[in-house]
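Tertiary structure, described
Spelled out, the chains give:
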Amino acid sequence: MLSVKELRTLASRLKEKDFFKQLGPFVLIQRPPSKSATDTDQMGLPINVQRTAVAKPEAMSSGALSLLFQFDELVVATLPPLQGMDELSVGRQPDCDLVLDDPSVSKQHAVLRWDEKSQRCTIQDAGSTNGTFLNASIRLKKETILKNGDILSFGEVQYWFLLTPTLWEKLTNLRARDVSV
């Protein structure tokens, strides 16, 4: 994962076209994963990570809000390169394209599909235990088209979906503002 600060440096060194080539058509931005100790059950034993834990709705809501107001502290998930029509699997299993090491995330949680021709991304829940939510309130039942700026929740893990041109604009506007101060 790259921090927003690292991406700001990258944006200052690359031309816009090269920046897009490095990151792909969209990014998923999140708060840095917590570095807490292994979760334990009531007896102090490690929770079995083979089973999905029940997500807490209040954790999903507060996490989504923090994405909108803590830009500088966020990190960008590195995704594999996308070409044409491509799928990205999201889940706890190591063979997923985006591995989320959180007990509220199912082994195979969701699938993101990028369609280069139409320049759009869709998301579909893969039958996850805790569901995939859009903007902290809509539980996805079918494949849904994502809009620039949507907040995705996989269990208790939230991501801000941004098209790369929007991220570029945010980074270069922040850089210009920092220089003028």
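Above this note sits the structure.
First things first, this report covers the structure right here in the doc. Please read all numbers here as calculations on a predicted model, not as lab measurements. (Residues numbered from 1 in each chain as written. Predicted model: local features only at pLDDT ≥ 70, side-chain atom pairs only at ≥ 80, totals over all residues. Heavy atoms only, no water.)

1. What to know about the overall build of the protein chain
Formally: By definition, any uninterrupted DSSP run of H or I lasting at least four residues is a helix, any uninterrupted run of E lasting at least two residues is a strand, and each is numbered from the N terminus. For this analysis, residues touch if any pair of their heavy atoms sits within 4.5 Å. The Shrake-Rupley method, run with a 1.4 Å probe sphere, supplies the accessible areas, and residue values consider only the shown protein chains as cover.
When you go through the protein chain residue by residue, the secondary structure sums to four helices and 12 strands. Restricting to contacts in the protein chain with at least 6 residues of sequence separation, those with at least 24 account for 57%. Surface accessibility of the protein chain: about 10,600 Å² in total, with carbon and sulfur atoms responsible for 52%.

2. What to know about the layout of surface pockets
Applicable threshold: Put plainly, a pocket is an open set of points on a 1 Å grid over the protein atoms alone with protein on both sides within 12 Å along at least five of seven lines, a cavity is a set where a 1.4 Å probe fits but cannot get out, and a lining residue has an atom within 4 Å of a point. Grid points are joined across faces, edges and corners, and a volume is the space filled by probe spheres set on the points.
Taken as a whole, the second largest pocket encloses approximately 180 Å³ of empty space. Together, Gly-24, Pro-25, Pro-81, Leu-82, Trp-114, Glu-116, Gln-119, Leu-163 and Pro-165 line the second largest pocket.

3. Overview of the environment of Ser-89
Here is the rule: Burial status follows relative accessibility: with a 1.4 Å probe on protein chains alone, a residue under 20% of its type maximum counts as buried, one over 50% as exposed, and anything between as partly exposed.
Inspection of the secondary structure assignment puts Ser-89 in strand β4 (residues 85-91). With a relative accessible area of 15%, Ser-89 lands in the buried category. Between the alpha carbons of Ser-89 and His-109 there is a distance of 7.7 Å; along the sequence they are 20 residues apart. Those residues within four positions of Ser-89 in sequence are excluded, and the remaining contacts are Asp-95, Cys-96, Asp-97, Leu-98, Gln-108 and Ala-110.

4. Re the sheet that holds strand β11 (residues 151-154)
To be explicit about the condition: Any two strands between which DSSP finds at least two bridges are classified as paired.
The seven strands are arranged β1-β3-β2-β12-β11-β8-β9 in an open sheet whose pairing can be described as antiparallel. Each edge of the open sheet is held by one strand with a lone partner, namely β1 (2-3) and β9 (138-139). Pairing analysis gives four bridges linking β11 to strand β12 (residues 157-163), with the strands arranged antiparallel. Looking at β12, one finds that Leu-152 is bridged to Tyr-159.

5. Describing the packing of aromatic side chains
What counts here: Geometry of aromatic contacts follows a simple scheme: Phe, Tyr and Trp rings, the Trp one being its six-membered ring, pair when their centres are within 6.5 Å, and the pair is stacked under 30 degrees between planes, edge-to-face over 60, tilted otherwise.
The tally for this structure, following the rule as stated, stands at six aromatic pairs. Aromatic pair Phe-26 and Trp-114: ring centres 5.9 Å apart, planes at 45°, arrangement tilted. Highlighted residues: Phe-26 in strand β2 (residues 26-30) and Trp-114 in strand β6 (residues 110-115), separated in sequence by 88 residues. Each member of the pair, Phe-26 as well as Trp-114, is classed as buried. Following the ring pairs from residue to residue traces out a cluster consisting of Phe-19, Phe-20 and Trp-168.

Function-wise, these values are silent; they only describe arrangement.
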